[in-house]
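In case you want the letters, here they are:
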Amino acid sequence: MAANDLAVTAFVVRRVTTGESDLVLSLLTRERGKIDVYARAGRKSRRRFQAGLSPCLLFQGMIAPSRRGSSRPGSLWSLEEMIVARPAAVLTSRPSRMVVGQYATELVREFCPPEVPEPELFQHLDDFFVRLDQPRSPSWRDWFAFEWSVLTAAGVAPELRACVLCRRPSPGRRPSPGNLPGSREPSGAYGEPSGGSRGRSAAGPSWGFSEAAGGLVCPSCGQSPAMPVWNPAWNDILDGTGSGPEPEDTPALLALLEPWIFQVLNRKLYARGLCRSIFSSSTEW
Ligand SMILES: [Zn+2]
């Protein structure tokens, strides 16, 4: 190991073939954030580069400045070797899970600037891969938890806990710190009644979600019929406290986030639509 070599824990977040057998990769590393590396004979040498440098796998790698002495930000590193740090037999053997894993990779990659360590985003991606590798099929709740944690870590989560305009807590939510696990108030105690999965009760006007405003808008602040309706049953999922069955329209919560994500990224991630159909599957996947 030369003086400038650096050990990294990394995911492959982009992979481009070049020349006969070389690869240019973007790695998301725990230590240095997102970096570009050149892997000479990356498609050939299975001894130096394990598991085909596949996405969704946790690797340990060794990188070196591509020109000795030049390690300024933005320069291409040379990838000396990459070995699998944690096998993921279930995840990598199931195409549907790989599709979801690659969407997750793309989402996190888009939020990571070059060469800035993002340990929190790295960790959320790592946790989600661990979940995708468990035998039990991932649920909508798992998907939401992942996206929500990524948006929060990136500082671009919409306001879903109160009206963006007047700060009134959203329906079914206590006015102040609260919302601890197990502290569910009786239905209707705060805000509008929350009645389980069909919480958008006729008893009061519903709250809406506005991309333009940056989150929830209460009826008094001008919630319009054109806005998607906020279901109070989603509070549990938002707080990560729900342990019972998912509200039946949890998929609608994920649909709510889609235009938001595309807006903050300023681009569309096509794999998100694929994920929606995979999560809709009624069989194990
Ligand atoms: Zn309001």
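These remarks concern the structure in this document.

Conventions we followed
Residues numbered from 1 in each chain as written. Predicted model: local features only at pLDDT ≥ 70, side-chain atom pairs only at ≥ 80, totals over all residues. Pairing = 2+ DSSP bridges. Helix = DSSP H or I, 4+ residues; strand = E, 2+ residues; numbered from the N terminus. Axes fitted to C-alpha atoms, helices over the stretch in contact; angles between N-to-C directions. Expected span 1.5 Å × (residues − 1). Buried ≥ 20, exposed ≤ 12 C-beta atoms within 10 Å, placed from the backbone. Arc of directions from axis to C-beta. Contact = placed C-beta atoms within 7 Å. Parallel < 35°, antiparallel > 145°, perpendicular 65-115°, else oblique. Nonpolar A, V, L, I, M, F, W, Y, C, P; charged D, E, K, R; others polar.

1. Some details on the sheet that holds strand E3 (residues 33-39)
Within a sheet, neighbouring strands are paired by backbone hydrogen bonds and run either parallel or antiparallel to one another.
Here comes step 1: Strand order in the closed barrel made by the five strands is E1-E2-E3-E5-E4, with mixed pairing throughout. When the angles between neighbouring strand axes are averaged without regard to direction, this sheet yields 45 degrees.
Here comes step 2: Here strand E1 (residues 6-18) runs beside strand E4 (residues 58-65); their pairing, made up of five bridges, is antiparallel. Bridge pairing in E4 places Ala7 opposite Met62.

2. With respect to helix H4 (residues 140-153)
Here comes step 1: The terminal C-alpha atoms of H4, which comprises 14 residues, lie 20 Å apart, in line with the 20 Å expected from a rise of 1.5 Å per residue.
Here comes step 2: Three or more residues of H4 are buried, namely Trp143, Phe144, Ala145, Phe146, Glu147 and Val150.
Here comes step 3: The positive-phi residue at the C-terminal boundary of H4 is Gly155, with phi of around 75 degrees.

3. Here's the deal with unusual backbone geometry
Here comes step 1: Positive phi is not limited to glycine here, since Leu53 has a value of about 50 degrees.
Here comes step 2: The topology assignment puts Leu53 in the loop between E3 and E4.
Here comes step 3: The exposure class assigned to Leu53 is buried, which follows from the 21 C-beta atoms found within 10 Å.
Here comes step 4: In this structure, Cys56 is a non-glycine residue whose phi angle is positive, near 70 degrees.
Here comes step 5: Tracing the backbone shows Cys56 in the loop between E3 and E4.

4. Points about helix H3 (residues 119-132)
Here comes step 1: Over its 14 residues, H3 extends 20 Å from the first C-alpha to the last, a length consistent with the 20 Å expected when each residue adds 1.5 Å.
Here comes step 2: Of all the positions in H3, only Leu121, Phe122, His124, Leu125, Phe128, Phe129 and Leu132 are classed as buried. The arc that holds the buried residues of H3, viewed along the axis, is 165 degrees, so those residues lie on one side.
Here comes step 3: The inward-facing, buried residues of H3 abut E1, strand E2 (22-29), helix H1 (89-93), helix H2 (95-111) and H4.

5. Side note on the environment of Arg15
Here comes step 1: Secondary-structure assignment places Arg15 in strand E1.
Here comes step 2: Residue classification places Arg15 among the partly exposed residues on the basis of 17 C-beta atoms within 10 Å.

6. Section: the packing of H3 against H4
Here comes step 1: Where H3 contacts H4, the two axes come as close as 9 Å, and the packing angle between them is 170 degrees. Comparing their axes, H4 and H3 come out roughly antiparallel. Listed contacts from H4 to Glu120, Leu121, His124, Phe128 and Arg131 of H3 are Asp142, Phe146, Ser149, Val150 and Ala153.
Here comes step 2: Tallied by class, the residues present in the contact of H3 with H4 amount to five nonpolar, two polar and three charged.

7. Re the environment of Ala3
Here comes step 1: Positionally, Ala3 belongs in the segment before E1.
Here comes step 2: Judged by the 6 C-beta atoms lying within 10 Å of it, Ala3 is exposed.
Here comes step 3: A C-alpha to C-alpha distance of 9.0 Å links Ala3 and Ala64, two positions 61 residues apart in sequence.

8. Quick look at the pairing of E4
Here comes step 1: With eight bridges joining them, E4 and strand E5 (residues 77-86) adopt antiparallel strand pairing. Among the inter-strand pairings, Gln60 is bridged to a residue of E5, identified as Ile83.

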